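Spelled out from the first residue to the last, the chains are:
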Amino acid sequence: MQVKKKLTWLLLLVRLPATHKAERVAIWRKLKKSGAIQIQTSTYVLPDEPALYESFQWLTQEIRSAGGDATLVRAREIEGLPNKKLIELFNTARAKEYATLRELLRALNPRRRARSSPAFGDKLDRFRKQFREVRQTDFFNCPRAQDVEMLLRKMEGTQPGEASVPKVATRDYRGRSWVTRPRPEIDRVGSAWLIRKFIDPKAKFIFAKKTPTNGRAVAFDMLDADFSHHGDDCTFETLLKRFRIQDKIIHQMGEMIHDADLDDDKFERTECVGIDRVLKGWAKEGLSDEEILHRGFECFDALHAFLRRV
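Rules and cut-offs
- Residues numbered from 1 in each chain as written.
- Predicted model: local features only at pLDDT ≥ 70, side-chain atom pairs only at ≥ 80, totals over all residues.
- Heavy atoms only, no water.
- 1 Å grid on protein atoms, 1.4 Å probe; cavity = no way out; pocket = protein on both sides within 12 Å on 5 of 7 lines; lining within 4 Å.
- Points joined across faces, edges and corners; volume = space filled by probe spheres on them.
- Helix = DSSP H or I, 4+ residues; strand = E, 2+ residues; numbered from the N terminus.
- Nonpolar A, V, L, I, M, F, W, Y, C, P; charged D, E, K, R; others polar.
- Core = buried A, V, L, I, M, F, W, Y, C linked by side-chain atoms within 4.5 Å.
- Buried < 20%, exposed > 50% of the residue type's maximum accessible area, 1.4 Å probe, protein only.
- Contact = heavy atoms within 4.5 Å.
- Pairing = 2+ DSSP bridges.
- Right-handed = clockwise from strand over helix to strand, strands pointing away.
- Axes fitted to C-alpha atoms, helices over the stretch in contact; angles between N-to-C directions.
- Expected span 1.5 Å × (residues − 1).
- Arc of directions from axis to C-beta.

Caption draft 1: Fine view of the layout of surface pockets. Put simply, the largest pocket is a space of about 1,000 Å³. Residue lining of the largest pocket: 36 residues in total, with R144, D147, E185, K280 and K284 positioned closest to the centre. Elements with a contribution of two residues or more to the lining of the largest pocket: α3 (83-107), α5 (144-156), α6 (186-199), α8 (248-262) and α9 (273-284). Sort the elements by how many residues they give to the lining of the largest pocket and α3 lands first, with 10 residues. Here the second largest pocket defines a volume of roughly 580 Å³. The set of elements that each furnish at least two residues to the lining of the second largest pocket consists of α1 (21-34), α2 (50-65), α3 and α4 (118-136). When residues of the lining of the second largest pocket are assigned to their parent elements, the largest contribution, six residues, is made by α2. A per-class count over the lining of the second largest pocket returns eight nonpolar, seven polar and six charged.

Caption draft 2: Quick look at the environment of E298. Among the secondary structure elements, E298 is positioned in helix α10 (residues 289-309). Along the sequence, E298 and A70 sit 228 residues apart, while their C-alpha atoms lie 55 Å from each other.

Caption draft 3: View of the nonpolar core. Judged by nonpolar contacts, the single largest core of 40 residues is most densely connected at W178, F205, F227, F243, C272 and F300. Beyond its immediate sequence surroundings of up to four residues, F227 is in contact with V168, Y173, W178, V218, A219, F220, D221, T235, L239, R242 and F243. Within the second largest apolar cluster, 27 residues are counted, among which are L7, L11, L59 and A70.

Caption draft 4: Seen up close, the pairing of strand β6 (residues 204-207). By the alternation rule, side chains of β6 split into F205 and F207, which are all buried, and K204 and I206, of which none is buried. With four bridges connecting them, strand β5 (residues 177-180) and β6 associate as parallel partners. Its bridge partner being in β6, W178 is matched across the sheet by F205. In terms of handedness, the path from β5 via α6 over to β6 forms a crossover that is right-handed.

Caption draft 5: Representation of the sheet that holds β6 within the structure. If you walk across this open sheet you meet the three strands as β6-β5-β7, and the pairing is parallel. Single-partner strands in this sheet number two, and they are β6 and β7 (217-219). Adjacent strand axes in the sheet meet at a mean angle of 30° when their direction is disregarded. Inspection of the sheet shows β5 paired to β7 by three bridges, in the parallel sense. Within β7, the residue paired with S177 across the bridge is A217.

Caption draft 6: Looking closely at empty space enclosed by the protein. What the rule picks out here adds up to one cavity of 30 Å³ or more. The calculated volume of the largest cavity comes to roughly 160 Å³. In terms of lining residues, the largest cavity is bounded by 13 residues, among which R102, D147, R181, H229 and D261 are the most central. For the lining of the largest cavity, the elements supplying multiple residues, two or more each, are α3, α5, α6 and α8. Broken down by element, the residue count for the lining of the largest cavity peaks at three residues, all from α5.

Caption draft 7: Quick peek at α2. Compared with the 22 Å implied by 1.5 Å per residue over 16 residues, the 23 Å span of α2 between its first and last C-alpha is a close match. When we look at burial in α2, the residues that qualify are L52, F56, L59, T60 and I63. When α2 is viewed along its axis, its buried side chains cluster within an angular range of 110° and face the same direction. Set apart from the buried face of α2 by more than 90 degrees, the exposed residues are P50, A51, W58 and S65. Here the buried face of α2 lies against β1 (9-15), α1, β3 (43-47) and β4 (69-75).

What follows is the structure, given as structure tokens:
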């Protein structure tokens, strides 16, 4: 859903029947499936869109038929909940659902289960269906959607292997703007550090939810980006291969970042797990994307210096 400058909201005020437990559970499940968020004990909210209005209308009738009561209201403003806060509440709700799905996908590790097995394919199909269902209620484009989409693509094996990775010339990527997703974690911060140190010393980093259409901007670790996950590789490894970076220490760092990002124990390296948790902790504390990147660079500078002296 494209966010409008002036949003209006649908409020469903509900009193569920005191008896008829089965009906109460069925109604609660339908409220959850609709993507509505609960702002008070008996008040649910959705953005004011025709399809969502119809959904609330049907629920209103069902609640009344079950012996409860429901009132559907349109509102331009909700006291104490500005639009920005409401959008945050919707994105937080969807982020939790994406996080749960991501953990389930990580547990379905293709390195431990054959991709060609029917059981693996069936489970992956179910997760893809669950992802589509969450996307349908992701009204304000929660940034966590891309995390799951990229992981699904990787596990589906839709991207070609290493042999087909085209090499590029560093000179063609100097003085560029590099775009990635907000709230950077281990692979995005590590990749940005690699870009600044070995590819584009004057790189400018921009955070956006969508891949840019500007021809001079270079996207990384995003859906349909110039540089992202490729086959079994994380974005850091993709950059190493495409720009022909041969430094052995940097390749060791790539192994560490891979295992922290993909959690598949491919290299059995744990050194970057702590850095990843620190980056996530800074995000929870509310640090800006730029500050997380700045502090993350200091972490990788220190790690690089340590490895050079080992």
